[in-house]
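Residues per chain are reported as follows:
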Amino acid sequence: MAFPNDDPTVQQGDRTIQLIDWLVGRLEECLGEVLPLQTDDLLKDYAKDARKDIESAVEQLSLARTKKAQQLGGRTS
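Computed from a prediction, not measured in an experiment: that's the story for all the values here. (Residues numbered from 1 in each chain as written. Predicted model: local features only at pLDDT ≥ 70, side-chain atom pairs only at ≥ 80, totals over all residues. Heavy atoms only, no water.)

Participant: Please clarify how the environment of Leu19 should be interpreted in this entry.
Facilitator: Here Leu19 shows up in helix α1 (residues 15–34). Taking the C-alpha atoms as reference points, Leu19 and Leu61, 42 residues apart in sequence, are found 9.9 Å from one another. (Helix = DSSP H or I, 4+ residues; strand = E, 2+ residues; numbered from the N terminus.)

Participant: Any chance you could explain the environment of Glu59 here in plain terms?
Facilitator: Within the secondary structure, Glu59 sits in helix α2 (residues 44–71). Sequence separation between Glu59 and Val24 is 35 residues, and the spatial gap between their C-alpha atoms is 8.9 Å.

Participant: Sorry if this is basic, but what is going on with the side chain of Asp14 here?
Facilitator: Inspection of the secondary structure assignment puts Asp14 in the segment before α1. No salt bridge is formed by the buried Asp14; its nearest oppositely charged neighbour, Lys68, is found at 4.6 Å. Among the polar contacts made by the side chain of Asp14, one reaches the main-chain amide nitrogen of Ile17 at a distance of 3.1 Å. (Buried < 20%, exposed > 50% of the residue type's maximum accessible area, 1.4 Å probe, protein only. Lys, Arg positive; Asp, Glu negative; His and termini not counted. Salt bridge = Lys/Arg side-chain N within 4 Å of Asp/Glu carboxyl O. Polar contact = N/O pair within 3.5 Å; in protein donor to acceptor, adjacent residues only side chain to side chain.)

Participant: Which parts of the structure should I look at to understand the pattern of salt bridges?
Facilitator: Where charged atoms from two side chains of opposite charge come close, those side chains can pair. Taken as a whole, this structure holds four salt bridges when the rule is applied. Residues Glu55 and Arg51 are paired through a salt bridge, measuring 3.3 Å at the closest nitrogen-oxygen approach. Of this pair, Glu55 and Arg51 both sit in helix α2, four residues apart, which is roughly one turn of that helix. On the basis of relative accessibility, which here comes to 34%, the residue Glu55 falls in the partly exposed class. Accessibility expressed as a relative area gives 25% for Arg51, which makes it partly exposed.

Without other data, these values stay purely geometric and don't point to any function.
Structure representation (structure tokens):
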């Protein structure tokens, strides 16, 4: 996947942090899309698992962002 230079949510600064922010934003959008699937009896278990996985990915990326920001000396822009 190419880095989304044309995405308006991408700001100036470290490209790793930019990519993490972009991914978290997209995952949060997906999380909202999974919610309606939880009412479908056939998909309920899959939707719950997907929701947990997305939430876990957001958490892990947030931790990675914090670590990268610390590595850069708190400079994110």
